[in-house]
Every structure is written in structure tokens, then in C-alpha cells.
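Working through the structure, step by step
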Amino acid sequence: MKILVINCGSSSLKYQLLDMEGEKLLAKGLCERIGIDGHLTHKPQNGRPLFNEDVPMPTHTEAIAAVLDKLTSPEYGVVESMREIGAVGHRVVHGGEKFAASVRINDDVMAAIAECIPLAPLHNPANITGIEACKAVMGDVPQVAVFDTAFHQTMPGKAFMYPIPYAYYTDLKVRRYGFHGTSHRYVSGRAAEMLGKPIEELKLISCHMGNGSSICAIDGGRSVDTSMGFTPIAGLPMGTRCGDIDVSILEYLSANTGKDIKELTNILNKMSGVLGVSGVSSDFRDLDTAAAQGNDRARLALDMFHYAVAKTVGGYVAAMNGVDGIIFTAGIGENSAATRAEICKYLTYLGIEICPECNKKRGEDTFISTEGSRVKVMVIPTNEELVIARDTRDIVAG
Ligand code: AMP
């Protein structure tokens, strides 16, 4: 079965077409500036040329139509007709407490995703738009929703509740949800394969470190705690997000800057994290360069990040009363040997030993700990699209 995986943003749409026979990527691409003018980058994987041109996209419906046109075109295509696409899998950011697993989309599911809009006001409307656009262009082709929050629905109350009046949870759904669930699920599954043990017998800590970062404690294959919270701003300092800070800072800043909560929250989301501290960049490559040139604030931002990751990992070792494996993934986790090494310097008390040669490898699943390391450390490139495609295939196959 061939499956189209869609990740829809408010003005963008990322896609991959996978052939589930052999789990082969057939094509991938990106629609940008939807609703503004429109640009399509389409990368067939069969040797046909790249398409990288402006295409009018007044709405997501034209974007999906343009994607299908390229997927089936004689010049850029990878399939003969749209009928070869057996199903569509959508990344949906927020499933609230309603969805602990992926689900085939019908009217009730659409209503439930819409109910979660107050929890993810920027993301869920875009996801709904993407689903509706596919329906408009592809008719009755089965569609499946795969939620970023679903994997974390196994967290116990002591991990997901905030110590605030209980009615805010019951009446307004304020709790820790956690995100990056599809990534944490994928890398923990791969880690179990690499360790050669059933996941049910393993305690794992997955560090998804990219532009957004979160850590997840996975005990027996179930998420038992994670660092992002009610929203993705929580937990670690990130590229531009502040991570955990004292909530009273908001009132204090409001009183002293005249900015309201909305403006300040925007600053905490978009101008904080390592960008805010360093004043240099949200990109860890730029911070590495600046720190090497003697920029103290870039050094400080990096140190704060390593320290926060190490503290969170330590907390999760306590939460699970042990750990068998630690996983690094996403842009920073997969590519920055220096970041991994700095974080692991804090973890020698666990008997962790890093093999500097192995830590240099890139782009493949690999152990970076030594043979004798008591806890194994792995780098596993994440593949959220593959998880979405697998879930979609399994659900559609019934
Ligand atoms: P992601 O959100 O997973 O796509 O990760 C994107 C982030 O990964 C970028 O903003 C960079 O900070 C980081 N990144 C990518 N490549 C490297 C690298 N070679 N060294 C350090 N950080 C990197």
C-alpha cells in the first residue's frame, strides 16, 4: 500500500509518499506560503528531477492538488495515478485526553480534534484544514490522525497533574500533555531493537533535541513522564522557547515593561531560550561557532542547555528507579557530537562511558557508549513520518 503522510501548518504543508512494501520513500516535499502566493518543492526519489517553483496556493486545497499533480505527473511523478494512494496519514498536534492512539478519521474524530483547538490554537486548525483539503481533492480515500500527544497519555496522575486548584484540570483541562510523542515512540522502539530486548523490559530516556526539545521517560514502552507540558513551551530551554521558568516572572515583567501577558508569552516563545540568552541565534551551529570565538553568552546558553538536559535525565532516572538506555535524536541530538558529549559528562555517576570515535558517526542508528558502559547511549535519527505511515497502514488494514 502507498501512503501519503501530511504535516500541515497554517501556511505550510510537508508531505512524504511511502510505499509500505519495503517502507520505501517515493517522494517528499514542501508547500510554503499557502494563502499568500504559494511555492512547491517536490523531491521525487526515483531519479526524476526536482520541482522547485511558485505555484498559486490560495488555500490548502490547491496545495494538496498541486502535490498530487506532481506525484502523478509524467515528468516529476512517482505513481501513475492518485488511485494508487491507499490512505493518508496526518500528523495532528493535539488529541487532548481523548486520543491515546492513532485513529481513522470520521465526523466524530473531526469534532474531537476541533474540541482540542483551545489547547492548540495555532496547530489544530491547520491540521483540520489539511484533512478537509485532502477530502476535497481525494474523496473517500481513508484518512488517519496520528497525535503528538497520544504517546504520553500513559503518564500517571502524579506526572501529568499541576499542583494548582483541581478544578482547573476538571473544568479547563489544564494538565501536562507532552509533545513529540511520535518521535519518542519511534526511537524507543528502535532502541529496544538495538538493545536486543523486549521494550517491556527496558527503562529508556529519550532526548529529542531540535529547534523544540523534550525528554521522555519510557518505562516498559510507556511514557511515564515528559518535559513539555500543557504547551510545548515547558521543560528545557530551546531554540527560542524559555522552558521552565518561575511563573511570577510574567507579572513582574508586565508591571515593569508595560507589556501584557500575550506580548510577554510571545517573547517567551519566540525570543527566549538559547537565542534570548546568547543574543546570537537559535541555531546550535551558530552558537558553537560563536562560543569557539570566545562569545561568553553563547557559551552560557549552551552550558544552560546541557545542564537542563542532564538535570532532567537525572530526574527521570529517579522517576523510573533506573535506566538501561539513553537516546539522542532530532537536529541537535543527531548531529551535535559536542552537545552529546557535554551532556554525558554529567552522567558518569550512572556508569556511562562515551566512545569518542563512535560519537563522531552521523546519520545512522548507533551506540555512542563503550562496550563496558553500564547504561547504553544511542543516537537514533527520528522518523515520525514512518510511524505515521505504519499506523495509517495498520488502521486501514483493520
Ligand atoms: P529539528 O527541529 O529537529 O529540525 O532541529 C533543528 C535544529 O538542529 C537546528 O536549529 C540546529 O540548532 C540543530 N542542528 C542541526 N544540525 C546541527 C549540527 N551539525 N550541530 C549542532 N546543531 C545542529
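What this report covers is the structure whose coordinates are included nearby. (Residues numbered from 1 in each chain as written. Predicted model: local features only at pLDDT ≥ 70, side-chain atom pairs only at ≥ 80, totals over all residues. Heavy atoms only, no water.)

All right, on to the sheet that holds strand 14 (residues 376-379) then. If you walk across this open sheet you meet the six strands as 11-10-9-12-14-13, and the pairing is mixed. The open sheet has two edge strands with one neighbour each: strand 11 (222-226) and strand 13 (366-367). With five bridges joining them, strand 9 (residues 203-209) and strand 12 (residues 325-329) adopt parallel strand pairing. Bridge pairing links Ser206 to Ile327 in strand 12. (Pairing = 2+ DSSP bridges. Helix = DSSP H or I, 4+ residues; strand = E, 2+ residues; numbered from the N terminus.)

Here we take up the pairing of strand 4 (residues 39-44). With respect to burial, strand 4 is a largely interior element, five of its six residues being buried. Note: strand 3 (residues 24-32) against strand 4, six bridges, orientation antiparallel. Pairing of Glu32 across the sheet is with His39, part of strand 4. Between the end of strand 3 and the start of strand 4, which pair antiparallel, lie six residues, with Arg33 showing a positive phi angle near 60 degrees. As paired elements, strand 4 and strand 5 (residues 51-54) share four bridges and run antiparallel to each other. Bridging across to strand 5, His42 finds its partner in Phe51. Counted between consecutive antiparallel strands, the loop separating strand 4 from strand 5 contains six residues, among which Gly47 sits at a positive phi close to 95 degrees. (Buried < 20%, exposed > 50% of the residue type's maximum accessible area, 1.4 Å probe, protein only.)

Moving on to the packing of aromatic side chains. With the rule as written, the count across this model stands at seven aromatic pairs. When the ring of Phe99 is compared with that of Phe147, the centres are 4.4 Å apart and the planes differ by 10 degrees; the resulting orientation is stacked. Placement of the pair is Phe99 in the loop between strand 6 (85-92) and strand 7 (103-104) and Phe147 in strand 8 (residues 143-147), with a sequence separation of 48 residues. The exposure class assigned to Phe99 is buried, which follows from its relative accessible area of 8%. A ring pair is formed by Phe160 and Tyr169, whose centres lie 5.8 Å apart and whose planes are at 50 degrees; its orientation type is tilted. (Phe/Tyr/Trp six-rings, centres within 6.5 Å; stacked < 30°, edge-to-face > 60°.)

Honestly, that's just the spatial picture; any functional story needs more than this.
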